[in-house]
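This is what each chain is made of:
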Amino acid sequence: MNNNYLVGLTGGIGSGKSTVASVFKRLGVKVVDADQASRAVVEPESETLKTIIDHFKGETLLVDGQLNRSALRDIIFNNPEHKAWLEGLLHPLINGWISQQLEQPTTSPYVILESPLLFETNQYKMINTSLLVDVSPEQQIARASQRDRVNKSQIQAIIDTQMSREQKVELADFIFDNSLAMNSIEKRVIDFHSQFEALAQSK
């Protein structure tokens with residue numbers, strides 16, 4: 001059973017969630033990354049990876065034995081049935097991996113679960129409070145297309161499949177406005193850090 005105070009950190013593609021998480025890490029906060037979990041459960045030669053390969057065939061395996069995530073995204077993007085099958089397989093495994101990480105002893109004053117799908121999955125049930133890294137859709141598209149070197153229409157298509165900005169804002173307990181100047185990020189993270197420390201102590 002996890003006794004740590006747990007903060008869910010989320011944000012859409014291109015929001016800068018990982019940048020914010022990195023500042024919390026520098027402050028000594030333990031961060032459990034759901035993206036790392038999604039990679040850990042499909043390691044080369046794992047039973048889960050073999051199940052995915054058997055199901056999808058095609059180009060879902062790279063020459064180095066890793067899952068071809070790009071090809072898999074293309075397969076499930078316009079196929080709700082394939083998407084539902086994959087999520088049914090992976091989400092319980094990912095949540096199990098996350099739970100194991102959260103249950104490990106830590107000296108961190110609280111623990112952050114960094115997850116892009118915090119509200120879209122049952123992961124939100126694990127947390128005590130949530131922090132949404134928020135930017136406008138225009139900023140998401142500009143940042144993500146520059147970072148990933150893909151065209152803006154592809155980024156827009158990804159955004160369209162995710163929970164809307166308005167829904168996330170409504171669900172989140174705290175909002176981190178990441179449209180502000182980059183040099184203000186650290187100070188504002190420190191302010192949130194103090195708030196979360198106080199909440200953890202009063203738990």
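Residues numbered from 1 in each chain as written. Predicted model: local features only at pLDDT ≥ 70, side-chain atom pairs only at ≥ 80, totals over all residues. Heavy atoms only, no water.

Some remarks on the overall build of the protein
- When helices and strands are counted, the protein shows nine helices and five strands.
- Helices and strands in the protein line up, N terminus first, as β-α-β-α-α-α-α-β-β-α-α-α-β-α.
- Taking 203 residues into account, the globule formula puts the C-alpha radius of gyration at 17 Å, and the protein, at 18 Å, falls close to it.
- On the principal axes, the C-alpha backbone points of the protein span a range of 50 × 40 × 30 Å.
- The 203 residues of the protein split such that 41% are buried.
- For the protein, restricting intrachain contacts to residue pairs at least 6 apart in sequence, the fraction spanning at least 24 positions comes to 75%.
- In the form shown here, the protein has an accessible surface area of approximately 11300 Å², with 50% of it arising from carbon and sulfur atoms.
- Here the protein carries 20 positive and 25 negative side-chain charges, and the mean point of each set is 4 Å from the other. (Helix = DSSP H or I, 4+ residues; strand = E, 2+ residues; numbered from the N terminus. Rg over C-alpha atoms; globule rule 2.2 N^0.38 Å. Buried < 20%, exposed > 50% of the residue type's maximum accessible area, 1.4 Å probe, protein only. Contact = heavy atoms within 4.5 Å. Areas by Shrake-Rupley, 256 points an atom, 1.4 Å probe, with all protein chains shown as cover. Lys, Arg positive; Asp, Glu negative; His and termini not counted. Charge placed at Lys NZ, Arg CZ, Asp CG, Glu CD.)

Notes on the pattern of salt bridges
- The final tally for this structure, using the stated rule, is seven salt bridges.
- A salt bridge links E114 to K17; the nearest nitrogen and oxygen atoms lie 3.3 Å apart. Here K17 lies in helix α1 (residues 17-26) and E114 lies in strand β3 (residues 111-114), a separation of 97 residues in the sequence. Considered together, E114 and K17 belong to a single accessibility category, that of buried residues.
- The shortest N-O distance in the salt bridge between D134 and R165 comes to 2.9 Å. Separated by 31 residues along the polypeptide, D134 in strand β4 (residues 129-134) and R165 in helix α8 (residues 165-171) bring together distant segments of the chain. (Salt bridge = Lys/Arg side-chain N within 4 Å of Asp/Glu carboxyl O.)

A word on the packing of α1 against helix α9 (residues 185-202)
- Closest axis-to-axis distance for the α1/α9 pair is 10 Å, and the angle between their directions is 60 degrees. When the axes of α1 and α9 are compared, the pair comes out oblique. Viewed along their axes, α1 and α9 form a crossing whose handedness is right-handed. Here T19, V20, V23, F24 and R26 of α1 come into contact with α9, specifically with I185, E186, V189, F192, H193 and F196. (Axes fitted to C-alpha atoms, helices over the stretch in contact; angles between N-to-C directions. Parallel < 35°, antiparallel > 145°, perpendicular 65-115°, else oblique. Left-handed = near helix turned anticlockwise from the far one by under 90°.)

Structural notes on the layout of surface pockets
- The calculated volume of the largest pocket comes to roughly 1900 Å³.
- Taken together, 49 residues form the lining of the largest pocket, with D35, R73, P116, I158 and Q162 sitting closest to its centre.
- Secondary structure elements with two or more residues in the lining of the largest pocket: α1, α2 (34-40), α4 (69-77), α5 (80-103), α6 (137-148) and α7 (152-161).
- In terms of residue class, the lining of the largest pocket is made up of 19 nonpolar, 18 polar and twelve charged.
- What lines the second largest pocket is a set of 17 residues, and nearest its centre among them are Q140, I159, M163, S164 and R165.
- For the lining of the second largest pocket, the secondary structure elements donating two or more residues are β4, α6, α7 and α8.
- Classifying every residue of the lining of the second largest pocket by side-chain character gives six nonpolar, seven polar and four charged. (1 Å grid on protein atoms, 1.4 Å probe; cavity = no way out; pocket = protein on both sides within 12 Å on 5 of 7 lines; lining within 4 Å. Points joined across faces, edges and corners; volume = space filled by probe spheres on them. Nonpolar A, V, L, I, M, F, W, Y, C, P; charged D, E, K, R; others polar.)

With respect to the nonpolar core
- In terms of nonpolar packing, the biggest core is built from 26 residues, with V32, I52, L72, L86, L90, I98 and L113 touching the most fellow members.
- With six residues, α5 is the largest single contributor of residues to this core.
- When sequence neighbours within four positions are dropped, the list of residues in contact with V32 reads W97, I98, Q101, L102, V111, I112, L113 and E114.
- Grouped together as the second largest cluster of nonpolar side chains are 19 residues, L9, A21, Y110 and V133 included. (Core = buried A, V, L, I, M, F, W, Y, C linked by side-chain atoms within 4.5 Å.)

So far we have only geometry, and geometry alone does not tell us how the molecule works.
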